[in-house]
Amino acid sequence: MLKDQQVGAVLPASDIARARAYYSEKLGLEPENPDAEDNLQYRCGDGTGFFIYQTSNAGTAKNTQMGWMVSDVAATMEELRGKGVKFEDYDFPGLKTENGIATMPDGSAAAWFLDSEGNILSINQNG
């Protein structure tokens, strides 16, 4: 039933104005509903998208909440760092980042960063 349907993410924000500014200034994204006061709707590649809503629960998840597939993680990181995005470093069993990038055994790569609301986001490259 859902296998062939598009999917999107829903992210919390404790301050919708701060989130709007972050996604615009740091990630170059503008909401499709610029006049809304309590939520933001974004469209990305291939008709995918995500929704941000105002709640006091923002920033409480300890897992990756959303990620983008990119052709070159290192180049995307460089561009985002130029806009002030700070990438996380991890050292867990089976996952260690070097300069913010985790390279998997199959050659795929990933990097993680926090948005203005404490949500964990990622950029990912297939191997």
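Residues numbered from 1 in each chain as written. Predicted model: local features only at pLDDT ≥ 70, side-chain atom pairs only at ≥ 80, totals over all residues. Heavy atoms only, no water.

Here we have 6 strands laid out as an open sheet, ordered β4-β9-β8-β7-β6-β5, and mixed in their pairing. Only two strands of the sheet have a single neighbouring strand rather than two, namely β4 (64-69) and β5 (91-92). Here helix α2 (residues 73-82) sits on the sheet and contacts β7 (101-103), β8 (109-114) and β9 (120-125); the angle it forms with β9, its principal contact strand, is near 140 degrees. (Pairing = 2+ DSSP bridges. Helix = DSSP H or I, 4+ residues; strand = E, 2+ residues; numbered from the N terminus. Contact = heavy atoms within 4.5 Å. Axes fitted to C-alpha atoms, helices over the stretch in contact; angles between N-to-C directions.)

Attention shifts here to helix α1 (residues 16-25). Since one α-helical turn is 3.6 residues long, residues separated by three or four positions face the same way. For α1, the set of buried residues is Ile16, Ala19, Tyr22 and Tyr23. The buried residues of α1 all sit within an arc of 120 degrees when viewed along its axis, so they share a single face. Among the exposed residues of α1, those pointing more than 90 degrees away from its buried face are Ala17 and Glu25. Close packing links the buried residues of α1 with β1 (8-13), β2 (39-43), β3 (49-54), β8 and β9. Regarding α1, its N-cap is Asp15, as a side-chain oxygen of that residue lies 3.1 Å from the backbone nitrogen of Ala17 further along. (Buried < 20%, exposed > 50% of the residue type's maximum accessible area, 1.4 Å probe, protein only. Arc of directions from axis to C-beta. Polar contact = N/O pair within 3.5 Å; in protein donor to acceptor, adjacent residues only side chain to side chain.)

Glancing now at the packing of aromatic side chains. For the structure on display, the rule yields 8 aromatic pairs. The interplanar angle of 90 degrees and the centroid separation of 6.0 Å between the aromatic rings of Phe50 and Trp68 together place this pair among those described as edge-to-face. Residue Phe50 is located in strand β3, and its partner Trp68 is located in strand β4; the two are separated by 18 residues in the primary sequence. (Phe/Tyr/Trp six-rings, centres within 6.5 Å; stacked < 30°, edge-to-face > 60°.)

Shape descriptors only; they carry no functional weight alone.
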